[in-house]
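Examining the three-dimensional arrangement
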Amino acid sequence: MSTPSESAHDRSEPDREPDLSTIVGERRQLINLAYRLLGSLSEAEDAVQETYTRWYAMSREQQAAVASPGAWLTTVASRVCLDVLGSARVRRERYVGAWIPEPLPDPSEWIGGLAGTGRSEPADPADRITLDESVSMAFLVVLESMTPAERVAFVLHDVFRYPFAEVAEIVDRTPAACRQLASSGRRRIRAARPPAAPPALPAPAAVQASPAAQAVLVRHFKDAWESKDIEALIALLDPDATMTADGGGLVGAVLRPLEGGRSIAQYLIHIAGKAPGLTLLERTVNGRPGLVAQHSGVTVTVAAFETSGDHVTRVWAVRNPEKLRAWTGSEQT
């Protein structure tokens, strides 16, 4: 398998000992891939670490025999993620309440990363993830509905543009079977898209307003929530809006999605009344405008939004503290 970072020199001299900088340079690509496959920053980092552990467990002779180190690392990382996805489906069946992908901060906002540390090299996986629509919360949520094999085949082919022949080597199926897996993934994407949405990839994000327009809408949402103006919140929410919260059984959160703009607004006002001193901040969440709620300087909720026109159609509120380590001031070192 070839990778975007693979050079012609790599392919022409398969018996040359791989350069350390070439191997380390693949890390960004691997983190990008693993996060999209797993929907978890911490699990993505673990998967990539396991990939490098397997590489360095080989002898120098074995490493030198690898024709394309980048392709080898991508294959191993994808297979590790495939295994993780299989076990994750079992774990998430026992998960308390709804499971939402781990929210991703903008690299400049990563707590303990580049911002404020004085370090010149990326210190955290979020610094290595390219923010585009394929990491939007809407897109990742649809990926969660796919089987592990569908997700790997779809992400590798439709997002990272690997040929089906190369995808087949990773998932240990025929190219025709991988084509069917990716096609099934696309059907799930189309099913999640409102009828009027354009066919561009990724489909769930295609219905959203531009980032600038969404930022204005999120700001109005924040102002209405802070002022406990229920009618203003209702006006900003689509009548058929839904809100999903993820507390993981560790903090309080609604266990089932809330449906309807009025129900969501009433719940938000209720929460605001129970948490005096809550601070709302406008932040980038998975590459789109979102909100971060802090209490005593600690992030307690990260909210991602899907919007259509001048209304909020979906709210994903991550409250599980294990998924907020990248956002929490107490994690600073």
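Residues numbered from 1 in each chain as written. Predicted model: local features only at pLDDT ≥ 70, side-chain atom pairs only at ≥ 80, totals over all residues. Heavy atoms only, no water.

**Description of the packing of helix α4 (residues 41–56) against helix α6 (residues 69–93)**
Axis separation between α4 and α6 bottoms out at 9 Å; the angle between their running directions is 135 degrees. Viewed along their axes, α4 and α6 adopt a mutual orientation that is oblique. With respect to the hand of their crossing, α4 and α6 are arranged in right-handed fashion. Of α6, the residues touching α4 (which contributes E43, A47, E50, T51, Y52, R54 and W55) are P69, W72, L73, V76, A77, V80, C81, V84, R91 and R92. Looking at side-chain class alone, the contact of α4 with α6 contains 11 nonpolar, one polar and five charged residues. (Axes fitted to C-alpha atoms, helices over the stretch in contact; angles between N-to-C directions. Helix = DSSP H or I, 4+ residues; strand = E, 2+ residues; numbered from the N terminus. Parallel < 35°, antiparallel > 145°, perpendicular 65-115°, else oblique. Left-handed = near helix turned anticlockwise from the far one by under 90°. Contact = heavy atoms within 4.5 Å. Nonpolar A, V, L, I, M, F, W, Y, C, P; charged D, E, K, R; others polar.)

**What to know about the packing of aromatic side chains**
Summed over all chains, the structure comprises five aromatic pairs. Relative to Y56, the ring of Y52 lies with its centre 6.4 Å away and its plane at 20 degrees, an arrangement referred to as stacked. Of this pair, Y52 and Y56 are both found in helix α4, four residues apart, which corresponds to roughly one turn of the helix. Owing to a relative accessible area of 6%, Y52 belongs among the buried residues under this scheme. Where W55 meets W72, the ring centres are 5.2 Å apart and the plane angle is 65 degrees; that geometry is what we call edge-to-face. Of this pair, W55 sits in helix α4 while W72 sits in helix α6, and the two are 17 residues apart along the sequence. Each residue in the set F221, W225 and F305 is aromatic and connected to the rest through ring pairs, giving one cluster. Positioned above the aromatic ring of W99 is the side chain of K323, whose terminal nitrogen or guanidinium carbon lies 3.9 Å from the ring centre. (Phe/Tyr/Trp six-rings, centres within 6.5 Å; stacked < 30°, edge-to-face > 60°. Buried < 20%, exposed > 50% of the residue type's maximum accessible area, 1.4 Å probe, protein only. Lys NZ or Arg CZ within 6 Å of the ring centre and 35° of its normal.)

**A short note on the pairing of strand β6 (residues 311–318)**
Within β6, six of the eight residues are buried, leaving the element largely enclosed by the surrounding structure. Sheet topology note: the strand β5 (residues 298–308)/β6 ladder contains seven bridges and is antiparallel. Its bridge partner being in β6, E306 is matched across the sheet by R314. (Pairing = 2+ DSSP bridges.)

**Quick word on helix α10 (residues 175–191)**
Relative to the 24 Å expected for 17 residues at 1.5 Å per residue, α10 spans 24 Å between its end C-alpha atoms, a close match to the ideal helical length. Every buried residue belonging to α10 is among C178, L181, A182, S184, G185 and I189, and all of these are buried. Around the axis of α10, the buried residues are gathered within 155 degrees of arc, so they sit on the same side. Seen from the open side of α10, the exposed residues pointing more than 90 degrees away from its buried face are Q180 and A191. (Expected span 1.5 Å × (residues − 1). Arc of directions from axis to C-beta.)

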